[in-house]
Amino acid sequence: MAMDTVVLNAQSLLFNSHSQLPLLTRRSRTIKPLSYSINMSLQQRIVVPNKHGEKLVGIFHDSGSKDVVVLCHGFRSTKEATSIVNLAAAFENARISSFRFDFSGNGESDGTFQYGHYWKEADDLHAVTQYFRGLNRVVAAIVGHSKGGGVVLLYASKYDDVKLVVNISGRYDLKAGVEERLGKDYMERIKKDGFIDVKNKSVNFNYRVTEESLMDRFGTNMHEACLKIDKDCRVLTVHGSSDTVIPVQDALEFAKIIPNHKLHIIKGADHPYTKHQDELTSVVVNFIKENLHQEGGADS
């Protein structure tokens, strides 16, 4: 299957993981196809139960390597997101196995979508890493985009069993960005009704934010968690300089507090890396290849 076909299909799902209505007509984006193709014969659908008994569905790209890179999607997205699919193809091209999966409540996985719940998704990721260790594979790296970037950092702070972590456009301050999504009077409304239904232009109902899930997000302290990441864990943060969803300043904050950290700003890139897919995949794959079998980490 040609990569340009994969990119188009993934793009139609990137901003619309739960609706049957395609968003390409509403948000027209042209993403440059990568220069290599993905081998469908190497893909295997795998179901992993999390600790709540929910089934997490993912696609394993088995390139023959014992090392596995786990790819984590962002908020209201899926394993079919453009950047995630392109990263899987790039790792396949580098002959490194990868696994992309849907967090609980997203895509094909069991569960109800929850706003916030970063720590639960970190536990979903732990279920995945444990599964591959049970297959005698080595989870060499975890990579996350947007909310997934925050999740992989939380994972590193809690479990300390993966030594390469890539945070792509993650949010540093989880109290930021809420007003833009929920409206200026969101606290009054959620206190009154107990929830807010978020709507978009394509469908009447998109998702529900409960007071509990909002407080869960506000109670997740990325700064505190990042201070607990072990110095032997090598972290790469990638961010676009033109990101209007999560400002590039968040990447600079991560660089200040994570001990073994490398920062790469992609000039002109937006949040989904619309015109910068090649550079994004190149930066991430090269970082992991360079550090895959090194002992310890290098300085920033």
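Cut-offs used in this document
- Residues numbered from 1 in each chain as written.
- Predicted model: local features only at pLDDT ≥ 70, side-chain atom pairs only at ≥ 80, totals over all residues.
- Heavy atoms only, no water.
- Helix = DSSP H or I, 4+ residues; strand = E, 2+ residues; numbered from the N terminus.
- Core = buried A, V, L, I, M, F, W, Y, C linked by side-chain atoms within 4.5 Å.
- Buried < 20%, exposed > 50% of the residue type's maximum accessible area, 1.4 Å probe, protein only.
- Contact = heavy atoms within 4.5 Å.
- Pairing = 2+ DSSP bridges.
- 1 Å grid on protein atoms, 1.4 Å probe; cavity = no way out; pocket = protein on both sides within 12 Å on 5 of 7 lines; lining within 4 Å.
- Points joined across faces, edges and corners; volume = space filled by probe spheres on them.
- Nonpolar A, V, L, I, M, F, W, Y, C, P; charged D, E, K, R; others polar.
- Axes fitted to C-alpha atoms, helices over the stretch in contact; angles between N-to-C directions.
- Right-handed = clockwise from strand over helix to strand, strands pointing away.

### Quick notes on unusual backbone geometry
For Arg95, which is not glycine, the phi dihedral falls at a positive 60 degrees. With respect to the helices and strands, the residue Arg95 is situated in the loop between helix 2 (82-93) and strand 4 (97-101).

### Section: the nonpolar core
Most often, soluble globular proteins have nonpolar side chains that are buried together. Counting 37 residues, the largest nonpolar core has Val70, Phe101, Leu125, Ile142 and Leu153 as the members making the most contacts within it. The contacts of Leu153, once residues within four sequence positions are left out, are Val165, Asn167, Met222, Cys226, Ile229, Val235, Phe254 and Ile258.

### Some thoughts on the pairing of strand 8 (residues 207-210)
Side chains of strand 8 alternate between two faces, with Tyr207 and Val209 buried and Arg208 and Thr210 left unburied. As paired strands, strand 7 (residues 195-198) and strand 8 are joined by 4 bridges and run antiparallel to one another. Each residue of the ladder has a partner; that of Val198, found in strand 8, is Tyr207.

### Digging into empty space enclosed by the protein
On inspection of all chains with the given rule, the structure shows 2 cavities of 30 Å³ or more. Looking at the largest cavity, its volume works out to about 60 Å³. Lining the largest cavity we find Ser104, Gly105, Thr112, Gln114, His117, Lys120 and Glu121. Taken together, the residues of the lining of the largest cavity sort by class into no nonpolar, 5 polar and 2 charged.

### Points about the sheet that holds strand 10 (residues 261-266)
Adjacent strands of a sheet pair through backbone hydrogen bonds, lying either parallel or antiparallel. Overall, mixed pairing links the 8 strands, which are arranged 1-2-4-3-5-6-9-10 in an open sheet. Of all strands in the sheet, those with a lone pairing partner are strand 1 (43-49) and strand 10, marking the two edges. Neighbour to neighbour, the strand axes of the sheet diverge by 20 degrees on average, direction disregarded. Note that strand 9 (residues 234-240) and strand 10 share 6 bridges and pair parallel. Counterpart to Thr237 in the pairing with strand 10 is Leu263. Packed on one face of the sheet, helix 2 meets strand 2 (55-61), strand 3 (67-72), strand 4, strand 5 (138-145) and strand 6 (164-168) and runs near 165 degrees to strand 3.

### Considerations on the pairing of strand 4
Counted residue by residue, strand 4 has 5 buried out of 5 residues, so it is predominantly covered. Of the two faces of strand 4, the one lined by Ser97, Phe99 and Phe101 and the one lined by Ser98 and Arg100 are each fully buried. Across 4 bridges, the pairing between strand 2 and strand 4 is antiparallel. Across the sheet, Gly58 pairs through a bridge with Phe101, a residue of strand 4. As paired elements, strand 3 and strand 4 share 5 bridges and run parallel to each other. Across the sheet, Val70 pairs through a bridge with Phe99, a residue of strand 4. Taken together, strand 3, helix 2 and strand 4 form a β-α-β motif whose crossover is right-handed.

### Observations regarding the environment of Asp243
Along the chain, Asp243 turns up in the loop between strand 9 and helix 9 (249-257). Once the C-alpha coordinates of Asp243 and Tyr273 are considered, the two residues, 30 residues apart in sequence, prove to be 8.7 Å apart. Setting aside residues no more than four positions away along its own chain, Asp243 makes contact with Ser169, Ala269, Asp270 and His271.

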